[in-house]
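Residue strings, one per chain:
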Amino acid sequence: MKKIALIALIGLTCLLLVGCQKQAANITHAPIGIATQAPAMEVSETPATDLPSLKDQLPPGYDPASEEAPESLLANQNPQTEMAAHAGATAIPIDPVDLPTPTPRPPLAFTYAKYTSSALGLSFESVAGYEIDESQPNTYILREPVTSIKDNYQVQITISLTPVTNNFKSQDAKQELSAKLKDLGTINYTQWDLTTTNSRTLLGKPGYYANYRGVLFDGTIVRGRVHMALVDGKLLTLHVTCPGWYNTDYMDVYARIRSTLKQN
């Protein structure tokens, strides 16, 4: 009987233990102080972190709003390069026109007329209405009327016939041309640039010419061409000087003079 009672007591104890385990399994909240893992699909917020300030990385005095200005965008798309040229004896290439122009100049339309110099025994065609100056010996000068002056510089066309020595040769005109151009650049100019000297006939005789570009003290740009040739024992010189922005127009005038120049 004692054994049977002991066995029954043991069985009752086991039933009590099983019931306690089931109760523990039904608890849904973890006791305070015990760490639990969040469910796999639960997302927790990441604490915000302070980002570095862009303002601290900008140069002093920089205004970010300037990037929105249209002119600022254009300046970035078309960077300007600074160029410097210096006057000197070395010939350099010169563009046919001074570009870019701050204000576009429309091409000029000329009316031509015949000019005759009895003193020089020459005739030619040039822009009509120019003032004639024959006050200097062996020289014939045409000047643009004051009312037609452009860019604060008066166009002047000079033709001269200068006697030379008997041993003067056609090739010597090249040295005379260089000396003439050097002298022109020593007066009133802060900058003086020359092209190379090229050969070209004048009045049917072998000759040489060169172009120049000068900047006056007031900033006015001047362009011109000097052409020389030995003609019947005299040095013939054709010089056209004009405002730089109209260089192409007046080189057309030079071409008209050269093609129509004749001995009377």
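Because the structure is a prediction, the values reported are computed rather than measured.

Parameters at a glance
Residues numbered from 1 in each chain as written. Predicted model: local features only at pLDDT ≥ 70, side-chain atom pairs only at ≥ 80, totals over all residues. Heavy atoms only, no water. Helix = DSSP H or I, 4+ residues; strand = E, 2+ residues; numbered from the N terminus. Expected span 1.5 Å × (residues − 1). Contact = heavy atoms within 4.5 Å. Salt bridge = Lys/Arg side-chain N within 4 Å of Asp/Glu carboxyl O. Buried < 20%, exposed > 50% of the residue type's maximum accessible area, 1.4 Å probe, protein only. Pairing = 2+ DSSP bridges. Axes fitted to C-alpha atoms, helices over the stretch in contact; angles between N-to-C directions. Lys, Arg positive; Asp, Glu negative; His and termini not counted. Polar contact = N/O pair within 3.5 Å; in protein donor to acceptor, adjacent residues only side chain to side chain. Phe/Tyr/Trp six-rings, centres within 6.5 Å; stacked < 30°, edge-to-face > 60°. Lys NZ or Arg CZ within 6 Å of the ring centre and 35° of its normal. pLDDT = per-residue confidence, 0-100. 1 Å grid on protein atoms, 1.4 Å probe; cavity = no way out; pocket = protein on both sides within 12 Å on 5 of 7 lines; lining within 4 Å. Points joined across faces, edges and corners; volume = space filled by probe spheres on them. Nonpolar A, V, L, I, M, F, W, Y, C, P; charged D, E, K, R; others polar.

Draft legend 1. Spatial organisation of helix H3 (residues 172–184). With 13 residues, H3 extends 19 Å between its outermost C-alpha atoms, agreeing within 8% with the 18 Å of an ideal straight helix rising 1.5 Å per residue. Where H3 is buried, its residues touch strand E6 (189–194), strand E8 (207–216), strand E9 (221–231) and strand E10 (234–243).

Draft legend 2. Quick look at the pattern of salt bridges. Under the criterion given, the structure shown has four salt bridges. The partner of Arg256 in a salt bridge is Glu125, and the shortest N-O contact between them spans 2.8 Å. Note that Arg256 is positioned in helix H4 (residues 247–260) and Glu125 in strand E2 (residues 122–127), a separation of 131 residues in sequence. Note on Glu125: relative accessible area 27%, which makes it partly exposed. Of the charged contacts in the structure, one is a salt bridge between Lys150 and Glu144, with a shortest N-O distance of 2.4 Å. Accessibility expressed as a relative area gives 15% for Lys150, which makes it buried.

Draft legend 3. Representation of the sheet that holds E2. One open sheet holds the three strands; their spatial order is E1-E2-E11, and the pairing between them is antiparallel. The open sheet terminates on both sides in strands that have one partner only, identified here as strand E1 (112–117) and strand E11 (262–263). Bridge analysis of E1 against E2 gives six bridges, and the strand direction is antiparallel. Of the residues in E2, the one forming a bridge with Thr116 is Ser123. Of the strands in this sheet, E1, E2 and E11 are in contact with H4, which crosses E2 at around 155 degrees.

Draft legend 4. Region of interest: the side chain of Arg225. Relative to the assigned elements, Arg225 resides in strand E9. Of the side chains bearing the opposite charge, Asp252 lies closest to the buried Arg225, which forms no salt bridge; the N-O distance is 8.7 Å. Among the polar contacts made by the side chain of Arg225, one reaches the side chain of Asn211 at a distance of 2.6 Å.

Draft legend 5. Just the packing of aromatic side chains, in detail. All told, the structure shown has six aromatic pairs when counted by the stated rule. Ring geometry for Tyr189 versus Trp192: centroids 4.8 Å apart, planes at 50 degrees, classification tilted. Connected via pairs of aromatic rings, a cluster forms that spans Phe110, Tyr112 and Tyr250. Between Lys150 and the ring centre of Tyr246, over which it is positioned, the NZ or CZ distance is 5.7 Å. If you follow Arg225 out to its NZ or CZ, it ends over the ring of Tyr254, 4.7 Å from the centre.

Draft legend 6. Representation of the confidence of the model for the protein in the model. Per-residue confidence for the protein gives a mean pLDDT of 77, with 61% of residues at or over 70. A low-confidence stretch, residues 27–59 stays under pLDDT 50, and its non-local contacts, those more than four residues away or across chains, total three contacts. Overall, residues 61–90 carries pLDDT values under 50, and its contacts beyond four positions in sequence, including any with other chains, amount to 13 contacts.

Draft legend 7. Quick peek at the layout of surface pockets. A volume near 580 Å³ is recorded for the largest pocket. As for the largest pocket, its lining consists of 25 residues, and the residues nearest its centre are Gln156, Thr158, Lys180, Leu184 and His239. Secondary structure elements with two or more residues in the lining of the largest pocket: strand E4 (139–143), strand E5 (156–163), H3, E6, E8 and E10. Per-element accounting of the lining of the largest pocket gives the leading share, five residues, to E5. When the residues that make up the lining of the largest pocket are grouped by side-chain class, the tally is 11 nonpolar, 10 polar and four charged.

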